[in-house]
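# Chain and residue survey
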Amino acid sequence: MSTLEQHYQQVSQRLQQACDQSKRAPQTVKLLAVSKTKPATMVETIYQQGQRSFGENYLQDAQEKIDALQHLTDIEWHFIGPIQSNKTRPIATHFHWAETVCRDKIAQRLNDQRPADMPPLNVLLQINISGEDQKAGIHPDEVDQLAALVAQLPNLSLRGVMCIPENTQDDAALAQQFQAMQRLFQRLQQSYSSVDTLSMGMSADMALAIAYGSTEVRIGTDIFGARS
Ligand SMILES: *Cc1c(COP(=O)(O)O)cnc(C)c1O
């Protein structure tokens, strides 16, 4: 087994252990393998191990891989980088998920540019749950308004919310942010039956995020190695 395959297996095991600790079934937490900057050959290696969902941040880099791996018909591409309005078309035409929607205009453009022969684009609203000034995402108070817009756009499917919490070692601060996300997610689920995804947790905070109900963890470096 290659180092890459070993790392993938280790991450899968850690995910399973975190689910055990939180008394959750492992199939309730999806692993998103964040393959940004890594070559298509590495993506395919992990795919052969059973991985289906991959996260990308940079459009050109992603598009090359998506084109190269078209023969993998059940692979699922998630866009997780910042979305500028001049970048919505390639996201609408190449991806299955957009996880970082945080403006009305972006939602509208993704809807308008989604090809008619593709299923609706799955959308997560990015939440600035730590309230840091420089951070992308909407304020929790703005969720209802943006959710209502996305829910009525026919070519989008409102699936849930995502966050990148504060970069801190302070577990109590992190737990507070994850709990706020969990409450927001549960509240949204009561209004929209399509909502089933809470994307939070990365390498360092996977177990804590799972304890607070995460349904998708996004892991890059621990699978693919450091990015140069
Ligand atoms: C890069 C990235 C990740 C993965 O980060 P690693 O530190 O490589 O595990 C997760 N989520 C988002 C939004 C990212 O941009």
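Residues numbered from 1 in each chain as written. Predicted model: local features only at pLDDT ≥ 70, side-chain atom pairs only at ≥ 80, totals over all residues. Heavy atoms only, no water.

Moving on, we get to the site of the ligand. Taken together, Val34, Lys36, Asn57, Ile80, Ile164, Met202, Ser203, Arg218, Ile219, Gly220, Thr221 and Arg227 are the residues near the ligand. Contacts to the ligand include asparagine 57, whose side-chain N or O atom sits 2.8 Å from an oxygen atom. Residue threonine 221 places a side-chain N or O atom 2.6 Å away from an oxygen atom belonging to the ligand. Contact with the protein chains hides 86% of the accessible area of the ligand, taken as 390 Å² for the molecule alone. Among the residues forming the shell around the ligand, the class breakdown is 5 nonpolar, 4 polar and 3 charged. (Near = heavy atom within 4 Å. Polar contact = N/O pair within 3.5 Å; in protein donor to acceptor, adjacent residues only side chain to side chain. Areas by Shrake-Rupley, 256 points an atom, 1.4 Å probe, with all protein chains shown as cover. Nonpolar A, V, L, I, M, F, W, Y, C, P; charged D, E, K, R; others polar.)

Glancing now at the pattern of salt bridges. As enumerated under the stated definition, the model contains 8 salt bridges in all. Across the pair arginine 14 and aspartate 222 runs a salt bridge whose closest N-O atoms are separated by 3.0 Å. Pair noted here: arginine 14 is in helix H1 (residues 3-21) and aspartate 222 is in helix H9 (residues 221-224), with a separation of 208 residues, a long-range link. Residue classification places aspartate 222 among the partly exposed positions, given a relative accessible area of 27%. Across the salt bridge formed by aspartate 74 and arginine 52, the nearest N and O atoms sit 3.1 Å from each other. One end of the pair, aspartate 74, is in the loop between helix H3 (59-68) and strand S3 (76-79); the other, arginine 52, is in the loop between helix H2 (40-48) and strand S2 (53-56), and 22 residues separate them in sequence. Classification of aspartate 74 as partly exposed rests on a relative accessible area of 42%. In this structure arginine 52 comes out as partly exposed when scored by relative accessible area, which is 30%. What you see here is one network of salt bridges that share partners, running through Glu56, Asp61 and Lys65. (Salt bridge = Lys/Arg side-chain N within 4 Å of Asp/Glu carboxyl O. Helix = DSSP H or I, 4+ residues; strand = E, 2+ residues; numbered from the N terminus. Buried < 20%, exposed > 50% of the residue type's maximum accessible area, 1.4 Å probe, protein only.)

Keep in mind that these numbers describe shape and distance, not what the molecule does.
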